[in-house]
Amino acid sequence: MSSGAGDLIAAAAAYFFRRIVNGAFVCYNADMKRLRFLTALWLGKIAVLACRVLGRGGTDMPGRLALKICPDVLKYLSSGVNTVLITGTNGKTTTSRIVERGLAAAGLDCFANRSGANLLSGIVTCFASNAKLSGKSRHDWAVIECDEAALKFVTLYIKPVSLTVTNIFRDQLDRYGEVTHTLSSIRTSVANIPGAVLCLNADCSLTWSAADDAKNAVISFGVDVPIYRGEVSDLSDAPYCSRCKSRYNYDYRTFGHLGGWRCSSCENKRHQPDIRVTRILSSGESGTAVVMSIFDSEYTARINLAGGYNVYNACAAAACLHSAGVGDGTVIEALGSFEGGFGRMEEFSLGGVSARMILVKNPAGCNQVINYLCSGSGPALFVICLNDRAADGTDISWIWDVEFENLAARKDRLTGLWVSGVRADDMALRLKYAGFDEGELRVIRDYNELLDEIAAQSSPVYIMPTYTAMMDLRGIMTKRFKLKKFWM
Ligand SMILES: [Zn+2]
């Protein structure tokens, strides 16, 4: 054999040997990735089970564990699941509940992170809980509410059908910083998911500006008319144009900086939304009746939860459901039949007394709750529970931006105003400045005593807790009044 042929055979042998070794290596690598993913999933599932056995919610820890083992575990878990992501400062939970109801009514099989664990780890826990041991999801659809700051990480792994942004308001300053930080996080997220439909609040100039540089398809939603009778506050988290920094003028305001905004010097202005409420027919304790236009088809709809801000949540949910291909009739049915989320106007019977729990966490949201309470009639007791733990926001200066003065103007409705929580004294001080005398306020620090006193009332009670106060209160109520447990 000539040396030339020998070289050729040697080269061919080397080539094929390399291919085989490389192939094996690639397979090995793929297997290793899969093994790592499955290890993360199984340990996560065991952790979920352990938390339940121990009687803890455990919505965060299993996800954290899974992420340590496999940082991109969510990519595998969400693959093949039609996911709708819902974010924004206020209204995420209620919007998600309506969307969940609508998907179910459309016959689509879905799961959701109902417990409100909306950071990356909580979302991983939720997907892991709903996955089979093989890693494949047990459901076709997922309704995921996501924290605004966590969204830019979550969108690295989940490629959703749509992203709904309810609104952007000033929120826990210690966590989110100013609204511009929240907006920039949402913009980064939008860039991560070019294939997703954006469902945006056209009445919120901040939210609307998230679409400025995006190539995504957009479905806009909004409210064409004022929601509340009489004056609304002009307290604004976005007084200046996002493009030219001139002041916005308003044709009308719904609340906060939401409404018919237009820039005083450039072309930037609210566009007529695709999905919009054109009339408020009536509003009461059991909900609001509206006329809703969905891509120019008009419907009379009943929104099954009181409060003007739930009109926006209904619009956001309608846009999200539209992005999922759900028909208008089913959307309208969902608006009239969904149940409020955890702590969102949730009704309890405490020793025969009707108590509603309404979570408060930032000035815009709290002002809406006060608008709702002031617009009602009939005597009622109001209870405010203020905590300052990490999940509430450690900076409680936001209570000074809430218009408790409006509450003081409706003393005729109040059978009492009680305060509780870790920062009860700060709350009482704020209420004194709002126009309540010391004798009109009652501080009850102990939650058991508070619940006893509530159960002894004869008129309805509205409890407004911050997040951790709500969790504590619910924990005690679950034990004492045999409420159902809430975790996934
Ligand atoms: Zn402008």
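Per chain, the residues get numbers from 1 upward, laid out in the order the sequence is written. Only residues with pLDDT of at least 70 get local features here, since the model is predicted, and only at 80 or more are side-chain atom pairs given and counted; chain-wide, interface and lining totals rely on the full set of residues. Side-chain metrics in this entry use all non-hydrogen atoms of the structure; hydrogen atoms and water are not considered.

> It is not clear to me how the pattern of salt bridges should be interpreted in this structure. Could you clarify?
Salt-bridge detection follows one rule: a side-chain nitrogen of Lys or Arg within 4 Å of a carboxyl oxygen of Asp or Glu. Applying the stated rule across the entire model yields 27 salt bridges. Linking Glu 148 and Lys 92 is a salt bridge whose minimum nitrogen-to-oxygen distance equals 2.9 Å. In this pair, Glu 148 is assigned in the loop between strand S3 (141-145) and helix H6 (151-157) and Lys 92 in helix H4 (residues 92-105), connecting sequence segments 56 residues apart. Relative accessibility decides the category of a residue: with a 1.4 Å probe and only protein chains considered, values under 20% of the type maximum give buried, values over 50% give exposed, and everything between is partly exposed. Accessibility expressed as a relative area gives 1% for Glu 148, which makes it buried. A salt bridge links Arg 423 to Asp 426, with the shortest nitrogen-to-oxygen separation between them at 2.9 Å. A residue is classified by how much of its surface remains accessible, and Arg 423, at 23% relative accessible area, is partly exposed. Put simply, DSSP H or I for four residues or longer makes a helix, DSSP E for two residues or longer makes a strand, and each gets a number counted from the N terminus.

> Which parts of the structure should I look at to understand the coordination of the zinc ion?
Reference values for angles at a metal are 109.5 degrees in the four-donor tetrahedral case and 90 or 180 degrees in the six-donor octahedral case. At 2.2 to 2.3 Å from the zinc ion lie its protein donor atoms, namely Cys 241 (SG), Cys 244 (SG), Cys 263 (SG) and Cys 266 (SG). As a rule, N, O and S atoms within 2.8 Å of a metal are its donors, except that Na, K and Ca use 3.2 Å; water is not among the atoms, so sites may look incomplete. Note on geometry labels: four donors, all angles 85 to 135 degrees, give tetrahedral; four donors become square planar and six octahedral when opposite donors are over 155 degrees apart and every other angle is between 65 and 115; remaining cases are irregular. For the zinc ion, the four donor atoms in the first shell make angles of 98 to 117° at the metal, a pattern classed as tetrahedral. The sequence motif formed by the donor residues of the zinc ion is C-x2-C-x18-C-x2-C. Taken together, the positions of Cys 241 in the loop between strand S6 (218-223) and strand S7 (248-255) and Cys 266 in the loop between strand S8 (258-263) and strand S9 (275-284) put the pair 25 residues apart, joining distant regions of the chain. The exposure class assigned to Cys 266 is partly exposed, which follows from its relative accessible area of 26%.

> Whenever I open this one, the sheet that holds strand S12 (residues 344-350) confuses me. Can you help?
Backbone hydrogen bonds are what pair the strands of a sheet, in a parallel or an antiparallel way. By the convention used here, strands pair only if DSSP detects at least 2 bridges between them. Across the sheet, which stays open at both edges, the six strands sit in the order S12-S13-S17-S14-S15-S16 with mixed pairing between neighbours. Each edge of the open sheet is held by one strand with a lone partner, namely S12 and strand S16 (441-443). Adjacent strand axes in the sheet meet at a mean angle of 25° when their direction is disregarded. Strand direction decides the pairing type here: strand S13 (residues 353-358) and strand S17 (residues 461-465), joined by three bridges, are parallel. Residue pairing across strands places Met 357 opposite Ile 463, the latter belonging to S17. A fitted line through C-alpha atoms serves as each axis, taken over the contacting stretch for helices, and the angle formed by two N-to-C directions is quoted from 0 to 180°.

> Would you mind going over the sheet that holds S9 with me for this structure?
The nine strands are arranged S2-S3-S1-S4-S5-S6-S9-S10-S11 in an open sheet whose pairing can be described as mixed. The open sheet terminates on both sides in strands that have one partner only, identified here as strand S2 (110-112) and strand S11 (297-303). Neighbour to neighbour, the strand axes of the sheet diverge by 20° on average, direction disregarded. Strand direction decides the pairing type here: S2 and S3, joined by three bridges, are parallel. If you follow Phe 111 over to S3, its bridge partner there is Ala 142. Across the face of the sheet, helix H5 (residues 120-129) comes into contact with strand S1 (82-87), S2 and S3 while running at roughly 160° to S3. Should any heavy atoms of two residues lie within 4.5 Å, those residues are counted as being in contact.

> Hey, could you run me through the side chain of Arg 413 in this one?
Tracing the backbone shows Arg 413 in the loop between helix H13 (404-408) and strand S15 (414-420). Contacts described as polar in this section are N or O atom pairs within 3.5 Å, which, within protein, must combine one atom able to donate a hydrogen with one able to accept it, while residues neighboring in sequence count only if both atoms come from side chains. Of the polar contacts made by the side chain of Arg 413, one reaches the backbone oxygen of Ser 377; its length is 3.2 Å. Among residues more than four places away in sequence, those in contact with Arg 413 are Glu 285, Leu 373, Gly 376, Ser 377, Gly 378, Pro 379, Ala 380, Phe 382 and Tyr 462.

> Looking at this structure, I do not really get the packing of helix H2 (residues 61-69) against H5. What am I missing?
A pair of packed helices is characterised by two quantities: the angle between their axes and the separation of those axes. Interhelical geometry of H2 versus H5 gives an angle of 95° and a closest axis separation of 7 Å. Relative to H5, the element H2 lies roughly perpendicular. Taking contact as the criterion, the partners of Pro 62, Gly 63, Arg 64, Ala 66 and Leu 67 in H2 are, on H5, Leu 120, Ser 121, Val 124 and Thr 125. For this classification, Asp, Glu, Lys and Arg are treated as charged, while Ala, Val, Leu, Ile, Met, Phe, Trp, Tyr, Cys and Pro are nonpolar and the rest, including Gly, are polar. Of the residues belonging to the contact of H2 with H5, the class tally is five nonpolar, three polar and one charged. The cut-offs work like this: below 35 degrees is roughly parallel, past 145 is roughly antiparallel, 65 to 115 is roughly perpendicular, and the gaps in between are oblique.

> What is the right way to read the packing of aromatic side chains from this model?
What describes a pair of aromatic rings is the distance from one ring centre to the other and the angle between the planes of the rings. Pairing of aromatic rings covers Phe, Tyr and Trp, the last through its six-membered ring, and needs centres within 6.5 Å; plane angles under 30 degrees mean stacked, over 60 mean edge-to-face, and all others mean tilted. Tallying each qualifying case throughout the model produces eight aromatic pairs. For the pair Phe 169 and Phe 255, a centre-to-centre distance of 6.1 Å together with 15° between the ring planes defines the contact as stacked. Of this pair, Phe 169 sits in the loop between strand S4 (162-165) and helix H7 (173-176) while Phe 255 sits in strand S7, placing them 86 residues apart in sequence. By relative accessible area, which is 5% here, Phe 255 ends up buried. An angle of 80° between the planes, with centres 5.7 Å apart, marks the rings of Phe 382 and Tyr 462 as edge-to-face. Residue Phe 382 is found in strand S14 (residues 380-385), and its partner Tyr 462 is found in strand S17; the two are separated by 80 residues along the sequence. A residue is classified by how much of its surface remains accessible, and Phe 382, at 2% relative accessible area, is buried. We classify Tyr 462 as buried; its relative accessible area is 3%. Aromatic rings pair up to connect Phe 169, Phe 255 and Tyr 312 into one cluster. When the ring centre of Tyr 250 is taken as reference, the NZ or CZ atom of Arg 253 above it lies at 4.0 Å. We count a charge as sitting over a ring when the NZ of a lysine or the CZ of an arginine lies within 6 Å of the ring centre and within 35 degrees of the ring normal. Against the face of Trp 418 rests Arg 442, its NZ or CZ located 5.0 Å from the ring centre.

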